[in-house]
Amino acid sequence: MQQQGQMKRQRLSSEEDNLNDDSREFKAERRPPLTRSHKITRDETGKHQLLLVLTGSIAVMKAPELVNELYEKIGKERLTIKIVTTENAEKLCRIQRLEFEDLIYEDRDEWSMWRERGDPVLHIELRKWADSLLIAPLDANTMAKVANGLCDNLVTSIIRAWDLSKPCYFAPAMNTHMWENPLTMQHRNVLKSQLKFKEICPIQKELICGDAGVGAMASIGTIVSLIAALVKDQQAIRSIADKA
Ligand SMILES: Cc1cc2nc3c(=O)[nH]c(=O)nc-3n(C[C@H](O)[C@H](O)[C@H](O)COP(=O)(O)O)c2cc1C
């Protein structure tokens, strides 16, 4: 009996050691938060400024490919991208060891950049910087928050403060049962009908959790084509306006 208790304690302490090792590694990889001296400036050369929002869906795995394909198809001379994550999307990126060339804005930057009046308020600076917003992937949680007007983190504050005359695309990604839940339909309708955001519909495939059905994020090709068309239209409109 005493021996069994000892074994259980040993097992627990080695599990705790493993957990501690994992969390140490997890912490070590995080960059320091930004400070008030970080500046967000608009490009003066006429590039389209796209703000890419990542939320906590497993489809964030595709984010590096999405960024590369956007630059590949549209060209770095016509497009510049800034990326923002929720805390959970950031965790998924780190667990998956995803690599991005550019800085990624996170919740803690919102609070580390502001000290007093006159300092930048990150969600406002990013919203002003962007010509368009792409939320890909949009998970069930952030979709529900947006539909209900919640703004308790950097991502939802940007979306809540979004200038509704500018384009916003969203690409939902979730488990099929989440997708088929009547609440999802209700939330999508608010985004589409009230906020006039454009939906990039999810597709049917076997999801990572093993379920099969609709819910996977649209293909990178579909998302990139839509954004490429948007950039082309906006730059054509701008050049007509410049000539007038
Ligand atoms: C490995 C993993 C994968 C997940 N994938 C999804 C997903 O594809 N879609 C979704 O709606 N939620 C998914 N979730 C759950 C969300 O991460 C969870 O609802 C979280 O609260 C979302 O937070 P956020 O909206 O602030 O990013 C996943 C969670 C884990 C741990």
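Above this text is the structure in question.
In what follows, the accompanying structure is described.

What counts, and where the lines are drawn
- Residues numbered from 1 in each chain as written.
- Predicted model: local features only at pLDDT ≥ 70, side-chain atom pairs only at ≥ 80, totals over all residues.
- Heavy atoms only, no water.
- Helix = DSSP H or I, 4+ residues; strand = E, 2+ residues; numbered from the N terminus.
- Buried < 20%, exposed > 50% of the residue type's maximum accessible area, 1.4 Å probe, protein only.
- Contact = heavy atoms within 4.5 Å.
- Near = heavy atom within 4 Å.
- Polar contact = N/O pair within 3.5 Å; in protein donor to acceptor, adjacent residues only side chain to side chain.
- Areas by Shrake-Rupley, 256 points an atom, 1.4 Å probe, with all protein chains shown as cover.
- Nonpolar A, V, L, I, M, F, W, Y, C, P; charged D, E, K, R; others polar.
- 1 Å grid on protein atoms, 1.4 Å probe; cavity = no way out; pocket = protein on both sides within 12 Å on 5 of 7 lines; lining within 4 Å.
- Points joined across faces, edges and corners; volume = space filled by probe spheres on them.
- Pairing = 2+ DSSP bridges.

## Describing the overall build of the chain
A count of helices and strands for the chain gives 10 helices and eight strands. A total of 244 residues make up the chain; the buried ones form 45% of that total. Considering only residue pairs separated by 6 or more positions, the chain has 77% of its internal contacts joining residues 24 or more positions apart.

## Overview of the site of the ligand
Gly-56, Thr-86, Asp-139, Ala-140 and Thr-142 are the nearest of the 14 residues found near the ligand. The backbone of Ile-58 places a nitrogen or oxygen atom 3.2 Å from a nitrogen atom of the ligand. Here an oxygen atom of the ligand and a side-chain polar atom of Asn-88 are 2.9 Å apart. Burial of the ligand by the protein chains amounts to 65% of its free accessible area of 640 Å². The set of elements that each furnish at least two residues to the shell around the ligand consists of α3 (87–95) and α6 (140–147). Across the shell around the ligand, the residue classes tally to six nonpolar, seven polar and one charged.

## So, the layout of surface pockets
Counted as a void, the largest pocket has a volume near 420 Å³. Along the wall of the largest pocket there are 21 residues; nearest its centre are Ser-57, Ile-58, Ala-59, Ala-173 and Met-174. Those elements giving two or more residues to the lining of the largest pocket turn out to be α6, β7 (203–206) and β8 (212–216). Broken down by class, the residue content of the lining of the largest pocket amounts to 12 nonpolar, five polar and four charged. Put simply, the second largest pocket is a space of about 350 Å³. Around the second largest pocket, the lining is made up of 16 residues, and of these Glu-29, Glu-90, Arg-94, Leu-98 and Ile-104 lie nearest the centre. At three residues, α3 tops the list of elements feeding residues into the lining of the second largest pocket. Class assignment for the residues of the lining of the second largest pocket results in five nonpolar, one polar and 10 charged.

## Brief notes about the pairing of β7
Bridging between β7 and β8 involves four bridges; their strand directions are antiparallel. Looking at β8, one finds that Gln-204 is bridged to Val-214. If you look at the hairpin formed by β7 and β8, you'll find five residues sitting between the two strands, and Gly-210 has a positive phi there, around 100 degrees.

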